[in-house]
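# Descriptive structure summary
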Amino acid sequence: MGVQAPLYTCKAFIFQVDPETRKSWNQLSTGVVNVQIFYDSVKNVYRIISVDGSKILINTVITNRMNFTKTSQKFCQWVDSKANQVYGLGFANEFELTRFISKFMTIKQATKNNLRSNSLDVRRISRSETDWSIKSTGSDRCLQLKQENIHLKLALVQSSNNAKIWQEELDILRNNNAKLTTALQESHANVEEWKKQLQFYRDECSRLRQMLCNHHSPDHEQSNDMKELKTRLDDKDFHKKQQEQKIFQLENQIQRYSSQISLLKDRLSKSETMNQDLRMELHQRTPPNSHSSRPSSRSPPRNLQQLLRLRDLFETKTNDLNQTLSIRSQDLQRLCTQITQVITEF
């Protein structure tokens, strides 16, 4: 074969349609390889040739009726009727794909001028190429639509289950909030009662000190009374200190309890807002009629990625909310137990 220097060279991934199923692509190259266009001066034809090491991946003769089908911004395909194969090229960007197609159109025009005498054979080849292209493209789109519909159904079922779980968690959170608010009000009432008792003990201590100061008689009876009064006074002082310490601890616990209630209310509000936003986002991103829609060649992967991200977002938010609710419930139960013990002691 009289092959001259390449007329055009580019780099791309090489793919081939599975000859058995005609529904999936097989990657021929292990990475990016050179794809070149040569002119065969002996046979007066142009060829698309790609070699990976010592293995020839593509050796296609360009005819004047050959068509390149651009299926995405970075991918195109064509039918080699002589080899009975469908090849595809994956480029790094759309600019490289546009340059390759432009060069191919130029070579195709040159081939058309050189092979006018063989128009009958060219028409037969063109018909075969068109049949192959329609068959492979139609089967790929059908498979993509089926996969998209399955993922849409799974995402809708998962989102419905998550919404029910979130609603149950929110109801439990509202009930706990109501119970804790009632306990806080009761604790405030008990604190007021303990303050009154503390004031009574202080008055009693002052009265006993006054009585102790007024007794200075040296007789035995008065001495016993003074000892008794002193003992009672010491007991009252000790009891008063204990009461003050318990009241101080209880006030600190009530402050922490109030902070827990505020955080719980904020978490409840954020959870309700987040739940509503996720519902709206799911409604906006879910197509109204996924079975009858006819997306473009690149829309199914994008819809699939959006639905997967949405499902992962639902799962992450649900786990975070469950962990937060568990921690808050344990802290609040522990605090209620401490307050109940203090009230029982008093």
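Residues numbered from 1 in each chain as written. Predicted model: local features only at pLDDT ≥ 70, side-chain atom pairs only at ≥ 80, totals over all residues. Heavy atoms only, no water.

So, on to the overall build of the chain. When helices and strands are counted, the chain shows four helices and eight strands. For the chain, the sequential pattern of α-helices and β-strands runs β-β-β-β-β-β-β-β-α-α-α-α. Here the chain holds 346 residues, and the buried ones make up 34% of them. Relative to all contacts within the chain whose residues are 6 or more apart in sequence, the contacts with residues 24 or more apart total 67%. As presented, the chain carries roughly 21400 Å² of accessible surface, and 50% of it is formed by carbon and sulfur atoms. (Helix = DSSP H or I, 4+ residues; strand = E, 2+ residues; numbered from the N terminus. Buried < 20%, exposed > 50% of the residue type's maximum accessible area, 1.4 Å probe, protein only. Contact = heavy atoms within 4.5 Å. Areas by Shrake-Rupley, 256 points an atom, 1.4 Å probe, with all protein chains shown as cover.)

Turning to the nonpolar core, a few remarks are in order. With 24 residues, the main nonpolar core has Ile48, Leu89 and Phe100 as its most contacted residues. When contributions to this core are tallied by element, the ones reaching two or more residues are β1 (8-17), β3 (33-40), β4 (45-52), β5 (55-62), β7 (75-80), β8 (85-90) and α1 (94-114). The residues touching Phe100, leaving out its near neighbours within four places in the chain, are Tyr8, Cys10, Val35, Ile37, Ile48, Phe68, Leu89 and Phe91. Core analysis: the second largest hydrophobic core is formed by 13 residues, Trp194, Leu250, Ile254 and Leu332 among them. (Core = buried A, V, L, I, M, F, W, Y, C linked by side-chain atoms within 4.5 Å.)

Counting across every chain of the model gives six salt bridges. Between Arg47 and Asp40 there is a salt bridge, with the nearest N and O atoms lying 3.6 Å from each other. For Arg47, a relative accessible area of 10% gives the class buried. Overall, Asp40 belongs to the buried group, its relative accessible area being 2%. For the salt bridge of Arg174 with Asp171, the shortest nitrogen-to-oxygen distance reads 3.1 Å. Residue Arg174 and its partner Asp171 are located together in helix α2 (residues 119-214), separated by three residues, close to a single helical turn. What makes Arg174 partly exposed here is its relative accessible area of 36%. For Asp171, a relative accessible area of 34% translates into the label partly exposed. (Salt bridge = Lys/Arg side-chain N within 4 Å of Asp/Glu carboxyl O.)

What follows covers unusual backbone geometry. The residue Arg22 is not glycine, and still its phi comes out positive at about 60°. One can find Arg22 in the loop between β1 and β2 (25-27). Residue classification places Arg22 among the buried residues on the basis of a relative accessible area of 12%. In this model, Asn44 sits at a positive phi of 55°, which is unusual for a non-glycine residue. Topologically, Asn44 is positioned in the loop between β3 and β4. A relative accessible area of 29% means that Asn44 is categorised as partly exposed.

Moving on: the side chain of Thr63. Looking at the element boundaries, Thr63 is found in the loop between β5 and β6 (69-70). Only 3.2 Å separates the side chain of Thr63 from the backbone nitrogen of Met66, close enough to count as a polar contact. (Polar contact = N/O pair within 3.5 Å; in protein donor to acceptor, adjacent residues only side chain to side chain.)

Let us look at the packing of aromatic side chains. What the rule picks out here adds up to 10 aromatic pairs. Centre to centre, the rings of Trp25 and Phe75 are 5.3 Å apart; their planes meet at 75°, and the pair counts as edge-to-face. Here Phe75 lies in strand β7 and Trp25 lies in strand β2, a separation of 50 residues in the sequence. The class for Phe75 is buried, based on a relative accessible area of 14%. Centroid distance Phe68 to Phe104: 4.1 Å. Interplanar angle 55°. Geometry classified as tilted. Taken together, the residues Phe68 in the loop between β5 and β6 and Phe104 in helix α1 connect sequence positions 36 residues apart. Three or more aromatic residues joined by ring pairs make a cluster, and in this case those are Tyr8, Phe68, Trp78, Tyr87, Phe91, Phe100 and Phe104. (Phe/Tyr/Trp six-rings, centres within 6.5 Å; stacked < 30°, edge-to-face > 60°.)

Our next topic: the side chain of Gln16. Along the chain, the position of Gln16 falls in strand β1. A polar contact is formed between the side chain of Gln16 and the side chain of Gln85, at a distance of 2.3 Å. If near-sequence neighbours (up to four positions away) are discounted, Gln16 is found in contact with Ser24, Trp25, Asn26, Leu28, Gln85, Val86 and Tyr87.

What follows deals with the environment of Asp235. Within the fold, Asp235 resides in helix α3 (residues 220-285). Residues Asp235 and Cys205 lie 30 residues apart in sequence; the distance between their C-alpha atoms is 9.5 Å.

All right, on to the pairing of β1 then. With seven of 10 residues buried, β1 is to be regarded as a mostly interior element. Pairing of β1 with β3, which is carried by five bridges, proceeds in the antiparallel orientation. In the strand pairing of β3, Thr9 is matched with Gln36. With four bridges joining them, β1 and β8 adopt antiparallel strand pairing. Following the sheet pairing, Ile14 is matched in β8 by Leu89. (Pairing = 2+ DSSP bridges.)

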